Amino acid sequence: MPKFIFVTGGVVSALGKGIAAAAMGALLEAKGLRVTMQKLDPYINVDPGTLSPFEHGEVYVTDDGCETDLDLGHYERFTHVRTSVFNNFTTGKIYNNVITKERRGDYLGDTVQVVPHITDEIKNAIRAAATDEYDVAIVEIGGTVGDIESLPFLEAIRQFRYDVGRENVLYAHLTLVPYISAAGELKSKPTQHSVKELRAIGIQPDVLFCRADRALSADVKRKIALHCNLDLDAVIAAVDVDTVYEVPLCFKSEGLDRLLDRKLNLGHLPEPDISTWREVAKRIKEPKFEATIAIVGKYVGLKDAYKSLMEALIHGGIANNARVNFQWVDSEEIEAKGAENFLSEIDGILVPGGFGSRGIEGKIQAIRYAREKKIPYFGICLGMQTAVIEFGRTVCKLSANSTEFDAGIKDPVIYLMEKWYNHRTGKIEERSINSQMGGTMRLGAYPCVIKEGTHAHKAYGKIEISERHRHRYEFNNKYKEILCNNGLIVSGTSPDGELVEIVELQDHPWFVGCQFHPEFQSKPIEPHPLFKGFIEASIKEKRSLFP
Ligand code: GLN
């Protein structure tokens, strides 16, 4: 059984609990430990798949096709954990399981209650991810202590220590230490209140992460330790940093790894090797080059909807020693004013994933601009589909569209495939088009075979890859011949050749569209090859920042 670290948050939301948990995971991995991470979310949706990304942030997709919370993306970026259906549980999923059991008669006439039935189900969920192959399991509880919704989760983690032994569980709590400018001081009171709230439900934190916009003096730390009943070295300052990838370094310099060793009895472990994180932070903070990338989408103001994408672009920059500047372009603005107005100063253009017809024509105009002006272009999922539509229309003179945007279009170059072979599961998948949710999606990891001599091949350096999907519509093979005869290259397909996964252009510096979401597999320490290639092409002139 692994050791468990439960991470809760207090005072306000959005303090970066997911990052803190993930950075702690990175630090433990740097000591040679095997780490798994899990998120328990107090909302009632069974999974985040149906939540609006513009309200809740992006839907992160796992290899096994689970639609999960964006914090799982942080976990995969900071550690080597491969998340799955067991790494994210919501209140909805927990209740769903309990109600299914109740209907089946599993409880043998018991009155089914929050304690013990819901809390037992939560504890089962925690155990499901924490298998023996790991040394440490980090479990993050969503929400803020004091919320009604998170109470059953907090009760479950309280019981968990009782069940598995004091020495096997550690509670970490993230709080805010605000600076009050009128007083010229950092204030510890909100932290004290938050810890008091936790203690009222039976949890005494072992470690406090104190978010602050400036360093915590020894006095402030002492005060927090005294009032919150903690060892002085258990008060860890989590001061604002330039890049989130510095957080493992900050935690190390605050002595977190030694504290975890001691509190969890991890044995005499080596000093963590954080040299790769140091290199990552250095490359972000002292870049040699830069590239400005236009991201052409709708509602571009809500950055959390594109979390993994932005991180993957930054990783592409890390791989090339380059700073990536983001230029968010609303595709409806392009429709109104033309692509030239927004894209003439841009080094690379990217159309990300998306759903629905709003702003589609603006995206198509942006792609035409990238293709004709030979500006590096990267199309992801919808961005690949719209690239095929643009090519079909302008170059092949087709009346092309996706049936998602025009059901009766004459040349449906992108359409709903009714059946396809899932090489991962060995099963034929059938798309139920009339379901309430809008039809079955192709979800999760699928193998792809790459054609030699293409941009994709150059980027990946291999033939067989696996990438994650989340979409309904597909490239229509009926149009493959005419599109390819006019210069489109299909550079990646499913092993049976039926599903087109990557398209690109030959007489262009870098024009690649992929049906999958490569951003889900990119890490700062292992930048994704396509993002690396795209950024490399975008800084082709090698305009140095420091001549
Ligand atoms: N709307 C498109 C589809 O369903 C693209 C989805 C996406 O970009 N994730 O196929």
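Residues numbered from 1 in each chain as written. Predicted model: local features only at pLDDT ≥ 70, side-chain atom pairs only at ≥ 80, totals over all residues. Heavy atoms only, no water.

1. Topic: the pattern of salt bridges
Between side chains of opposite charge, a pair can form when the charged atoms approach closely.
Point 1. Counted under the stated rule, the structure contains 42 salt bridges.
Point 2. Put simply, D71 and K39 hold a salt bridge, and the shortest N to O gap is 2.8 Å. Of the two residues, D71 sits in helix α3 (residues 71-78) while K39 sits in strand β2 (residues 35-41), which places them 32 residues apart along the sequence. Across this residue pair, the class does not change: D71 and K39 are buried.
Point 3. Ionic pairing is found between D213 and R214, a salt bridge with its closest N-O pair at 2.8 Å. (Salt bridge = Lys/Arg side-chain N within 4 Å of Asp/Glu carboxyl O. Helix = DSSP H or I, 4+ residues; strand = E, 2+ residues; numbered from the N terminus. Buried < 20%, exposed > 50% of the residue type's maximum accessible area, 1.4 Å probe, protein only.)

2. As for the sheet that holds strand β22 (residues 473-475)
Backbone-to-backbone hydrogen bonds pair the strands of a sheet. The strands run either parallel or antiparallel.
Point 1. What the three strands build is an open sheet, ordered β16-β17-β22; its pairing is mixed. Only two strands of the sheet have a single partner each, and these edge strands are β16 (400-402) and β22. Direction aside, neighbouring strands of the sheet carry axes that sit 30° apart on average.
Point 2. Note that β16 and strand β17 (residues 411-416) share three bridges and pair parallel. The residue bridging S402 from the neighbouring strand is I414, located in β17.
Point 3. This element, helix α16 (residues 382-394), spans β16, β17 and β22 of the sheet and lies at about 160° to β16. (Pairing = 2+ DSSP bridges. Axes fitted to C-alpha atoms, helices over the stretch in contact; angles between N-to-C directions. Contact = heavy atoms within 4.5 Å.)

3. Let's talk about the site of the ligand
Point 1. Taken together, G353, G354, F355, C381, L382, Q385, E404, R470, H471, R472, Y473 and H517 make up the full set of residues adjacent to the ligand.
Point 2. Note that an oxygen atom of the ligand is positioned 3.0 Å from one of the backbone N or O atoms of R472.
Point 3. Between an oxygen atom of the ligand and a main-chain N or O atom of Y473, the distance comes to 2.8 Å.
Point 4. Burial of the ligand by the surrounding chains reaches 99%, relative to a free accessible area of 290 Å².
Point 5. At the level of elements, α16 and β21 (464-471) are the ones that each hand at least two residues to the shell around the ligand.
Point 6. Across the shell around the ligand, the residue classes tally to four nonpolar, five polar and three charged. (Near = heavy atom within 4 Å. Polar contact = N/O pair within 3.5 Å; in protein donor to acceptor, adjacent residues only side chain to side chain. Areas by Shrake-Rupley, 256 points an atom, 1.4 Å probe, with all protein chains shown as cover. Nonpolar A, V, L, I, M, F, W, Y, C, P; charged D, E, K, R; others polar.)

4. Quick word on the nonpolar core
Point 1. In this structure, I5, M24, L28, I138, F251 and L256 are the most contacted members of the largest nonpolar core, which totals 61 residues.
Point 2. Counting residues per element, this core draws most heavily on helix α1 (residues 17-30), at 10 residues.
Point 3. Counting 40 residues, the second-largest nonpolar core is a separate cluster that includes L343, Y377, F475 and F511. (Core = buried A, V, L, I, M, F, W, Y, C linked by side-chain atoms within 4.5 Å.)

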